[in-house]
Each structure stands twice: as C-alpha cells, then as structure tokens.
Amino acid sequence: MRSNTKNSIENGVVKAGEFSYSKKPRILKAYGKEYEIPVKTIEFSDKIVAAAKAIANTAGASSARDTAEKIKSGIALFIGEEEAERIFPAENFDRTDIDEITSFWLALNAELVQGQEDLISRYTKSKAMKI
C-alpha cells in the first residue's frame, strides 16, 4: 500500500515511497589521533555489551587492576589492541589513572550512542511512528 501523503525530512532523506540510508563516520579526537568510531553492527554491539558486563562484574568485586584491564579491553574494541596498548602500556599499567581510562571508555561509548541518536533523529522528524 502506498501513501499519497508527502513525508519529507531535512536533506530529502525520506520522501513518500522512498528510503535512503547514509551514515557519516563518527570521529573522536584523543591522544593526538583521530579515531573512527566503528559501525554499530550486531556483532560489534554484542561485543560492547559483553565488555560493559565484564567491567560491571569486576567493579567493586575485584581489584582496580582487574577492572582497568577489562576497560582497556573494551577500549581496544573501538581503537584496536595496538592503540590501546600505546595509550595504556602494560609496563606502566599500575600507574594508569583509573579516572582517565574510565573516562576514555565512556567517551567512546558516548560517541557511539550520539551517532546512533543523530541518525535516528533524521528519520523520526516526520509524523511517522517513533520508536
């Protein structure tokens, strides 16, 4: 069934009977580099959820080092193992500022969520059903 009403959204993203999808990569500048935030695929999302659960399970129940190592592993999902090691090297890991590593993890996640919210908002500006 095709509607005869015109549904228009900024930039012509949605018109009656048409759908187009485009997404610009999100970039987070940190530690002298620009990091492209990965596309939120099902696989990536599952890995992030697992990392967040692992972090939550160690917080308060384990050592600060264990929690920081889980956070570093989560960061590596976004920027890669080599970059995570460059920023938070194993040989100096005991001197890592827990607030810094936690804040970087949160910043990466916030950028991922903001990208999703920006994208969804492009499609929910019409009178169409909102999720």
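Residues numbered from 1 in each chain as written. Predicted model: local features only at pLDDT ≥ 70, side-chain atom pairs only at ≥ 80, totals over all residues. Heavy atoms only, no water.

Peer 1: Help me understand the nonpolar core, please; the structure alone is not making it clear to me.
Peer 2: Soluble globular proteins tend to bury their nonpolar side chains together. Of all hydrophobic cores here, the largest spans 23 residues; its most connected members are Ile75, Phe78, Ile79, Phe88, Phe104, Trp105 and Leu108. Of all the elements in the fold, those that place two or more residues in this core are β3 (27–30), α1 (42–58), α2 (64–79), α3 (81–87) and α4 (98–123). By residue number, the principal contributor to this core is α2, which donates six residues. When residues no more than four places from it in sequence are discounted, the contact partners of Ile75 are Gly80, Ala84, Phe88, Ile101, Phe104, Trp105 and Leu108. (Core = buried A, V, L, I, M, F, W, Y, C linked by side-chain atoms within 4.5 Å. Buried < 20%, exposed > 50% of the residue type's maximum accessible area, 1.4 Å probe, protein only. Helix = DSSP H or I, 4+ residues; strand = E, 2+ residues; numbered from the N terminus. Contact = heavy atoms within 4.5 Å.)

Peer 1: Honestly, the packing of α1 against α4 in this entry has me stumped. Any pointers?
Peer 2: Between two packed helices, the angle of one axis relative to the other and the distance separating the axes together describe the packing. Remark: α1 packs on α4, axes separated minimally by 13 Å, with the N-to-C direction vectors making an angle of 145 degrees. Relative to α4, the crossing made by α1 is left-handed. Here Phe44, Ile48, Ala51, Ala52 and Ile55 of α1 lie close against α4, whose contacting residues are Trp105, Asn109 and Leu112. Of the residues in the contact of α1 with α4, the class split is seven nonpolar, one polar and no charged. (Axes fitted to C-alpha atoms, helices over the stretch in contact; angles between N-to-C directions. Left-handed = near helix turned anticlockwise from the far one by under 90°. Nonpolar A, V, L, I, M, F, W, Y, C, P; charged D, E, K, R; others polar.)

Peer 1: I'm lost on the pattern of salt bridges in this one. Help?
Peer 2: A side chain with one charge can pair with a side chain of the opposite charge if their charged atoms come near. Counted according to the given criterion, the structure contains nine salt bridges. In this structure, Arg26 and Asp118 form a salt bridge, with 2.7 Å as the shortest nitrogen-oxygen distance. Taken as a pair, Arg26 in the loop between β2 (18–19) and β3 and Asp118 in helix α4 lie far apart in primary sequence, 92 residues in all. What makes Arg26 partly exposed here is its relative accessible area of 23%. For Lys33, the salt bridge identified is with Glu83, shortest N-O distance 3.0 Å. Note that Lys33 is positioned in strand β4 (residues 33–36) and Glu83 in helix α3, a separation of 50 residues in sequence. Given the relative accessible area of 38%, Lys33 is considered partly exposed. Beyond isolated ion pairs, a larger network of salt bridges with shared partners links Arg26, Glu111 and Asp118. (Salt bridge = Lys/Arg side-chain N within 4 Å of Asp/Glu carboxyl O.)

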